[in-house]
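# Fold and geometry: a report
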Amino acid sequence: TYLTGQLDCTVSVEQEEVQPYIQLFPNPAEDVIYLSSLTNVASAISIFDAFGRCIYKGNSNGQSQFQLNISDFASGSYLLIVQTEHTFENQRFVKY
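A brief look at the structure comes next. (Residues numbered from 1 in each chain as written. Predicted model: local features only at pLDDT ≥ 70, side-chain atom pairs only at ≥ 80, totals over all residues. Heavy atoms only, no water.)

## Things to note about unusual backbone geometry
- Across the junction of Phe25 and Pro26, the peptide omega takes the value -10°, indicating a cis bond.
- Mapped onto the secondary structure, Pro26 falls in the loop between strand E1 (22-25) and strand E2 (32-37).
- With an omega of 10°, the peptide bond running from Asn27 to Pro28 counts as cis.
- Counting through the fold element by element, Pro28 comes out in the loop between E1 and E2.
- Even without a glycine there, the phi angle at Asn61 is positive, about 55°.
- Along the chain, Asn61 falls in the loop between strand E4 (54-59) and strand E5 (65-69). (Helix = DSSP H or I, 4+ residues; strand = E, 2+ residues; numbered from the N terminus.)

## A word on the sheet that holds strand E3 (residues 44-48)
- The antiparallel open sheet is built from four strands, whose spatial order is E4-E3-E6-E7. The open sheet is flanked by E4 and strand E7 (88-95), the only strands paired with a single partner. Averaged over all pairs of adjacent strands, the angle between their axes in this sheet comes to 20°, without regard to strand direction. (Pairing = 2+ DSSP bridges. Axes fitted to C-alpha atoms, helices over the stretch in contact; angles between N-to-C directions.)

## A few points about the sheet that holds E2
- The strand order E1-E2-E5 describes an open sheet built from three strands, whose pairing is antiparallel. With partners counted over all chains shown, the strands left at the sheet margins are E1 and E5, one partner each. The sheet shows a mean angle of 20° between the axes of neighbouring strands, direction not considered.

## Observations concerning the environment of Thr84
- Note on placement: Thr84 falls in the loop between strand E6 (76-83) and E7.
- A residue is classified by how much of its surface remains accessible, and Thr84, at 13% relative accessible area, is buried.
- Separated by 24 residues in the primary sequence, Thr84 and Ser60 have C-alpha atoms spaced 9.9 Å apart. (Buried < 20%, exposed > 50% of the residue type's maximum accessible area, 1.4 Å probe, protein only.)

## Quick notes on the pairing of E5
- Judged by which residues are buried, E5 turns out to be one-sided: Phe66 and Leu68 face inward and are buried, whereas Gln65, Gln67 and Asn69, on the alternate face, are not.
- As paired strands, E2 and E5 are joined by five bridges and run antiparallel to one another. Opposite Tyr34, over in E5, you have Gln67 as the bridge partner.

## Observations concerning the nonpolar core
- Counting residues in hydrophobic clusters, the biggest one holds 16 residues, and the most contacted among them are Ile33, Leu35, Ile45, Ile47, Leu68, Leu80 and Phe93.
- Top contributing element to this core by residue count: E6, with three residues.
- Not counting chain neighbours up to four residues away, the residues in contact with Phe93 comprise Leu24, Asn27, Ile33, Ile47, Ile70, Phe73, Gly76, Ser77, Tyr78 and Leu80. (Core = buried A, V, L, I, M, F, W, Y, C linked by side-chain atoms within 4.5 Å. Contact = heavy atoms within 4.5 Å.)

In structure tokens:
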């Protein structure tokens, strides 16, 4: 025995909007980028160029706001990765 007909069902997933752990500004930037964290947790900071090369490694030392001098970086797109003990976040920025 076969059932024929149409089945009408809707499937949805509720997507929760997550606040970023790190705010990066300005973007695009020329000489300096500023990072603002929601917490005072020590974070490892890495920046990668468009070729995947790590061009910066540092630490926030628990500061919730800090700045990075990018004046020596070539113009282009970069990936900033911030890693804490339990999480990591990445953000893209442009240096002009």
